[in-house]
Every structure is written in structure tokens, then in C-alpha cells.
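# Understanding the architecture of this molecule
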Amino acid sequence: MNKSNANKTKSGGAGELIVEISNLNKWFGSFHVLKDINLVVGKGERIVICGPSGSGKSTLIRCINKLEEYQEGLIKVDNIPVDDNVKNIAAIRSGKVGMVFQHFNLFPHLKVLDNLTIAQKLVLHRDQNEAKEVAMNYLTRVRIADQANKFPGQLSGGQQQRVAIARSLCMNPQVMLFDEPTSALDPEMISEVLDVMVELAEGGMTMVCVTHEMGFARKVADCICFMDKGQIVEKNTAKKFFEEAQNERTRLFLSQIISH
Amino acid sequence: MVERNYQAENSAFKELPDRQSPIKETSIGYWMRANLFSSFTSLLLTLISLFIIAVVIWGLLDWTVLKATWTGTTQDACDREGACWIFIGEKFLNFIYGYYPQLLYWRINLVVILFTLLIIPVTLKRIALRKRLLYGSLLVFVYPVIGAALILGVPSITCNVSDPHPLCYVPTTKWGGLMMTLILSYVGIVVSIPIGILLALGRMSNMPVIKMLSIIFIEICRGVPLITILFMASVVLPIFLPPGVEFNKLVRALIGIIFFQSAYYAEVVRGGLQAIPKGQHEAADAAGLNYTQKTYYITLPQALKIVIPSIVGTSISLAKDTSLVVIIGLFDVLAIVTTSAADSNWLGFDSEGYVFVAFIFWVFCYSMSRYSYYLERKYGIQKH
């Protein structure tokens, strides 16, 4: 926590928490997917969640903006409880939490620019000019402004994912959730997406990333969580995580993904 | 391990330019060899098919054109060797306008012209989408009302035969012919599509009551033949109405058609909605869109695009099924033609009449199908 504390003071509010997850439990039917999860994310903090498939890491971050329901415990985003209250959920989704998906999920019937402006207009009630200006600004940042008038289907996977990142940023989120953003990409396109994410991290964005990109984790993560069978097995700083992991299962996982 | 020396091969590498394929797949000779004469069986089938086509076409041509009678005014001019098109010519206006007063045909023509003026901007690509949607909604919501008012006239003014008032009242019992067919099809399609969409959304809703009601409505209307629904609308519906309230026969038929057709559209649209990946819902949810916004801007447009061919197919079926209204005493184009063939001056010209009706239906249905094909191709490029 020491390194992230330093970051928090750097980016303003001392110890200001964006996401608080306490005693979270979730079941899919009778299957207990998340067990007693406790995790806090401070402003400006970057958290990477890794673990074998089926460990519940995607489910965990999908609970934060309530794409998944949970049965026990409490998640708070910027002090708003993520519960059954529709107004709370609307508040959390419109401008507090942005999300980037494994399969991009761009709207295929809308041009790139419209993909970026539609939620700004409908949810944040910006007018067309303002929304367009914001959109072009973020498209430039992810180096894809020249594709603004194409349809998503005409873009490569890496380009689509960068559009998806820009789309989320347009809503001025306080925290960005990344759900395996590079897992569906061809190998030669992974780095263009990771570069954008690194820049985002360097700009002070609060991020929670589910990813297997250990190079990225080492470079930007304040904290790495290793999950297995629905539990957070180990939380550690990036350096300690790779060099002196405390848990046997963490070491096994690392040896499996780094060996080749 | 085998160790080969690849050095010579590697150093000889040079980039190759694109060449054309030695087989010209576009040439007629190649196409015929590949598709018509590729084997003995294929050759045989080709020859047999050509023979059948020749016989059929010759027979048709002989009857409809070569031996047909084109000029004259009575049936005596026809020699019965070929088709007697005088019958169609003499009764043509009757087939189109039914028993509508001849001096008021312009009102119907005006309704057709109005339709043309509204449909052109909807289909033109270079007009802004917003405007096209505006004209589209005019066509759906405003045009049917104006059209009905124009054809019907002012109820308080009765028509006299020789010199009718331009806005006099023509009751629906005088309507008929192609005009009736088109009214039934147009209203049936245009009113049922929005209802069908709502029913589809209802059936996929999380709210149990709405879901149940939608399922019951859809399954009942789909499980019953149109002819039965028409009978029910005509005979059973009045029983439930308070005495004295009388529903127009045409309106009853329309209600029956709309019930039937909206249930079919609902299932078609539901198929499209189910084909939309879960990720689209999640992306819209995550961006803060509410249910209405998500449906209107994200899922429904994509779903409708997928189901264009099925919607048009269902519409074509409806256009043809409108002929069934004859059983409740409405005269669509087919009924008028059948009646005309029973005219004592024109006895025995059913064949010409049926060929004519078939041709009319074919023209309308085939244009719908071509338009759907055009839409499919237009939207095809935007797929993943």
C-alpha cells in the first residue's frame, strides 16, 4: 500500500477511495464464484487482477458497474452503493465508471464518431458540437482520429479496441475497468493497445485491469491481485509480486505463464 | 534431426508480382462448361430443362400474344383461340377502382400521388436520415388518416350519380378492386410493424405480466388461420360490442389482419433481437444508456437490419392473403375479377382475369422483394 499512498497524495485527495469492495460474495446458481472479496481502489491507483481462467476475475470487475448482480457484501463507487436502486446504478454508469471489453463491443451500425458521441448526447446531455469535440480529442489521443468516419467493421482489432477505450474516456470516468482488453487481439496488435493504456496510467487515470499481460502489470500496476477459485489469494506491489510472491499458488501461476 | 541447407534457396528470394489466373472464370464458355455441361448427367438435365422451358414458353406466348385478340369492344370480337384481352381492357377501371364513382376517381389518384411524393424522399440516400425518418413517420401515422378521409369524403354530403359533389361521401361498400387490395395490404403492413415490434419487446421483457400477455397474444393469433380470424372479426366481434354500436366491415377486416400480421412480425423481430450479441447490451448498459435508449439506438436498429428479408417475406404473404377478405363480403381485386367474369356480356373469360390478377400481384410482390434485396445489399457492408 505504501507506493499507492504516495500516488494518492500526488493526485490530490489524500486516501480518497473511488471503489470499495467489502465482503463480496456471488453465486451463479449454486456455484460460488466470488468468496469474501475485499478490495479498495484509491484515486489514481492502478490495480491489475490476474489469475487462471474461471477464477472469477472478470466477474469481480463486472460487479463494480453492476453488469453482474451480487448476493452478499457491498460495493461502493465514489461513496455511492452499487445496489438495487436504479438511480444509483445510473449515476455510477454515467460518468463514474468506464469499461473496456475483451471483444470491444463497438456498435457496428454506427460510425466510429457516433460510437463516441451517442452516450455523451443521451446520458450526459451534451450537444452535438461539444460531444464531437470531446470525441475527436480522445480519438486523437488514441491515434485514430483519421478513422472517425468509418464503421467499426472496417477497422482492425487493435484499432477497434482503441476506439472502445476512447469511447469510455469520453464519459469522463473516475475509474476505468479493463476486462482482458488484449485477449481477443492478434499478437501484432497487442502493443498498440497496451501503449494507449500505459499512457492513460501515466496520465493519472484510476484503473482496474483484468489482464494476462505481465509486462504491462510490472510497468504500471500499483497493486497486483492474484485470484484463484473465487478468492483473492494474494495482493502485492508489482515488484514484490514478481520477485517474492508469498503464496505457493501465486508462484505456480507465475511459473506457468512466464516459463515460455 | 535432419539438417538441410536452405542458403541457396534463401539467397535466391525475390518478391513476385501479382499474375492473372490462367482460367478466365468470367468468360461465357467457361461458365457454360462449368455449370451446364460439366458431366453427362448435367448435359442431359440441361437439354431436358431447355425442352420444357421451350414448350412452356411457346404455349404461353401462343395463347397470351400470338393468337390473342387485342382490339374490339364486345366478346364477339374474340375467337376463343387465344386470350381475349378486350375483356380486361373493358373492365380495367372496374378492376382498379371497384364500384367507386367514376367521376371521383381523381380522389384515389390523389392518394396514390401523395404516397409517391412521400415515399421518394424516404428511399433517397442523399437526403439526411433525420428528414427521411420524418417522411417515414408521416407515411405511417399521418398518411393513412388523410388517405382514408380523401377516399371516404364528407359523411354529410351524399353523392348523386350524374354530378357528384367533389367531397361527397363514398361508403366503404363501394370500395373494391386493386384499390381495396392495396388499402388492406398497406394498412395491414404499416400498422402491424410497430405493434409487432412492441410485442417482440414485450415478449423479451423482464416484467412477467407484460411478457405473459405478449406470449398469449402472439401464440393465439399465430395459431389460428387468417380466414378464421377474419370470420371472428366479422361475426364474433359484434357480439361483444354493445347493441347499436356497429363496426364498419372494412375496419373489422383490418383489425383482424392487424392482429394476425402483428403476431407474425413480432416473432420475426424477436428472432432479430435474439441475434444481437450480449456484448452490445453490456456496452450500452456500461455507458449509462437506459432501456429505452438502448433499445431505440442500439439493439433494435441492428435487429431490424437483420430481419429485413423476413419482414418483407411476411409482408408479401399478407399482400396475397388479403384476397381472403372476399369471404366476409369485401371485394378485393381477385373478387372483382371473378365477379366480372360472371357478367352475362363476358361469360367464360375467367382465364384472362386470373392471368391479369396473377400479373398484378406478381408486379407488387416482386417489387417488394427487389426492394428488400436492395436494402440487404446496402446494409451488408456494415457487418463485421
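Here the residue numbering is sequential within each chain, running from 1 through the sequence in written order. The lettering of chains begins at A and the numbering of ligands begins at 1, in the order of writing. Only residues with pLDDT of at least 70 are given local features in this predicted model, and only at 80 or more are side-chain atom pairs given and counted; all residues enter the totals for whole chains, interfaces and linings. To get the side-chain values, all heavy atoms of the structure are used, and hydrogens and water are removed first.

With that out of the way, let us pick up the state of the cysteines. Residue and element names in this part refer to chain B. Any pair of cysteine sulfurs within 2.5 Å is marked as a disulfide. Scanning all chains against the criterion turns up 1 disulfide over all chains. Paired by a disulfide, Cys-159 and Cys-168 hold their sulfur atoms 1.8 Å apart. When the S-S torsion is 85 degrees, as for the bridge of Cys-159 with Cys-168, the disulfide is right-handed. Only protein chains enter the accessibility calculation, which uses a 1.4 Å probe; a residue is then buried when its area is under 20% of its type maximum, exposed when over 50%, and partly exposed in between. Classification of Cys-168 as buried rests on a relative accessible area of 0%.

Okay, the packing of aromatic side chains next. All names here are of chain B. Any pair of Phe, Tyr and Trp rings, taking the six-membered ring for Trp, is counted once the centres come within 6.5 Å. Such a pair is stacked with planes under 30 degrees apart, edge-to-face with planes over 60 apart, and tilted for the rest. Under the counting rule described, the total for this entry stands at 21 aromatic pairs over all chains. On the numbers, 6.2 Å between centres and 40 degrees between planes, the contact of Trp-70 with Trp-85 is tilted. Residue Trp-70 is found in the loop between α3 (40-66) and α4 (85-97), and its partner Trp-85 is found in helix α4; the two are separated by 15 residues along the sequence. On the numbers, 5.7 Å between centres and 65 degrees between planes, the contact of Trp-346 with Phe-349 is edge-to-face. For helices the rule is a DSSP run of H or I covering at least 4 residues; for strands it is a run of E covering at least 2, with both sets numbered from the N terminus onward.

Before going further, it helps to examine the packing of helix α5 (residues 105-123) of chain B against helix α6 (residues 129-152) of chain B. All names here are of chain B. To get an axis, fit a line to the C-alpha atoms, keeping to the stretch in contact for a helix; angles then go from 0 to 180 degrees between the N-to-C directions. At a minimum axis distance of 9 Å, the contact between α5 and α6 shows a crossing angle of 175 degrees. One element, α5, and the other, α6, form an angle in the roughly antiparallel class. Contacts between α5 and α6 involve Arg-107, Ile-108, Leu-110, Val-111, Val-112, Leu-114, Phe-115, Leu-118, Ile-119, Pro-121 and Val-122 on the former and, on the latter, Arg-132, Tyr-135, Gly-136, Leu-138, Leu-139, Tyr-143, Ile-146, Gly-147, Leu-150, Ile-151 and Leu-152. When its residues are assigned to classes, the contact of α5 with α6 shows 18 nonpolar, 2 polar and 2 charged. For classification purposes, an angle smaller than 35 degrees is called roughly parallel, one larger than 145 roughly antiparallel, one from 65 to 115 roughly perpendicular, and anything else oblique. Note on contacts: a residue pair is in contact if any heavy atoms of the two residues lie within 4.5 Å. For this scheme, ten residues count as nonpolar: Ala, Val, Leu, Ile, Met, Phe, Trp, Tyr, Cys and Pro. Four count as charged, namely Asp, Glu, Lys and Arg, and the remainder, Gly too, count as polar.

The extent of an interface is frequently quoted as the accessible surface area lost upon association of the parts. Residues and elements named next belong to chain B. Marked domain ranges trace back to an automatic or database domain assignment. Domain annotation of chain B identifies domain 1 (85-99 + 187-378) and domain 2 (101-169). Between the C-alpha centres of domain 1 and domain 2 there is a distance of 20 Å. Listed by partner, the interface residues are 7 residues for domain 1 and 9 residues for domain 2. By buried area we mean how much accessible surface two parts lose on assembly, using a 1.4 Å probe and totalling the loss over both. Counting each side, the surface lost to burial between domain 1 and domain 2 is near 810 Å², with a carbon and sulfur contribution of 63%. Whenever a carboxyl oxygen of Asp or Glu lies within 4 Å of a side-chain nitrogen of Lys or Arg, that contact is scored as a salt bridge. Our enumeration of links across domain 1 and domain 2 arrives at 0 salt bridges. In protein, a polar contact means a hydrogen-donor-capable atom and an acceptor-capable atom, both N or O and within 3.5 Å, with residues adjacent in sequence counting only if both atoms are side-chain atoms; elsewhere, any N or O pair within 3.5 Å suffices. The interface formed by domain 1 and domain 2 holds 1 residue pair in polar contact (both at pLDDT 80 or more) in total.

All names here are of chain B. The pLDDT averaged across chain B works out to 88; a share of 99% of its residues lies at or above 70. At the low end of the mean pLDDT range in chain B sits helix α2 (residues 28-35), at 82; at the high end sits helix α11 (residues 278-286), at 96. Overall fold confidence for the complex sits at a pTM of 0.85, while the interface term, ipTM, reaches 0.90. The score called pLDDT rates the predictor's confidence residue by residue, from a low of 0 to a high of 100.

Among soluble globular proteins, nonpolar side chains are generally buried collectively. Residues and elements named next belong to chain B. Core analysis: the biggest nonpolar cluster contains 68 residues, and Tyr-100, Ile-151 and Trp-175 have the highest contact counts within it. Ranked by the residues each element gives to this core, the list is headed by helix α7 (residues 177-203), at 12 residues. There are two domains that each give this core at least three residues, and those are domain 1 (85-99 + 187-378) and domain 2 (101-169). The contacts of Ile-151, once residues within four sequence positions are left out, are Tyr-100, Arg-107, Ile-108, Val-111, Val-170, Trp-175, Met-179 and Ile-183. What is meant by a nonpolar core is a set of buried Ala, Val, Leu, Ile, Met, Phe, Trp, Tyr and Cys residues, joined one to another through side-chain atoms within 4.5 Å.

All names here are of chain B. Note that Leu-110 resides in helix α5. For Leu-110, a relative accessible area of 37% corresponds to the partly exposed category. Remark: the alpha-carbon pair of Leu-110 and Ile-189, spanning 79 residues in sequence, is separated by 21 Å.

Here a cavity denotes a set of grid points, spaced 1 Å apart and computed over the protein atoms alone, in which a 1.4 Å probe fits but from which it cannot get out, and a pocket denotes an open set meeting protein on both sides within 12 Å along at least five of seven lines; residues with an atom within 4 Å of a point are reported as lining. Grid points are joined across faces, edges and corners, and a volume is the space filled by probe spheres set on the points. All told, the structure shown has 1 cavity of 30 Å³ or more when counted by the stated rule. Empty space within the largest cavity amounts to approximately 110 Å³. Looking at the lining of the largest cavity, the elements with two or more residues in it are β6 (97-100) and α6 (157-169) of chain A together with α11 of chain B. Residues belonging to the lining of the largest cavity are distributed by class as follows: 8 nonpolar, 2 polar and 2 charged.

Residue and element names in this part refer to chain A. Here, strands pair whenever DSSP counts at least two bridges between them. With antiparallel pairing, the 4 strands of this open sheet are ordered in space as β2-β1-β4-β5. Whereas interior strands pair on both sides, the edge strands pair on one side only; in this sheet they are β2 (31-42) and β5 (80-81). Note: strand β1 (residues 17-28) against strand β4 (residues 72-77), 5 bridges, orientation antiparallel. By the bridge assignment for β4, Ile-21 is matched with Ile-75. On the sheet, helix α2 (residues 57-64) packs against β1, β2 and β4 and is oriented at approximately 125 degrees with respect to β1.

Attention now moves to the pairing of β6 of chain A. Residues and elements named next belong to chain A. Of the two faces of β6, the one holding Val-97 and Met-99 and the one holding Gly-98 and Val-100 are both buried throughout. In the sheet, β6 pairs with strand β7 (residues 175-179) via 4 bridges, with the strands oriented parallel. Across the sheet, the residue bridging to Val-97 is Val-175, located in β7.

Below, the discussion takes up the interface of chain B and chain A. Of the residues lining the interface, 20 residues belong to chain B; the matching set on chain A comes to 22 residues. Buried surface at the junction of chain B and chain A, summed over both partners, amounts to about 1,800 Å²; 62% is from carbon and sulfur atoms. The tally of links between chain B and chain A comes to 1 salt bridge. Linking Arg-62 of chain A and Glu-282 of chain B is a salt bridge whose minimum nitrogen-to-oxygen distance equals 2.7 Å. The interface formed by chain B and chain A contains 6 residue pairs in polar contact (both at pLDDT 80 or more). Elements with a minimum of two residues in the side of chain B that touches chain A: α11 and α12 (291-321) of chain B.

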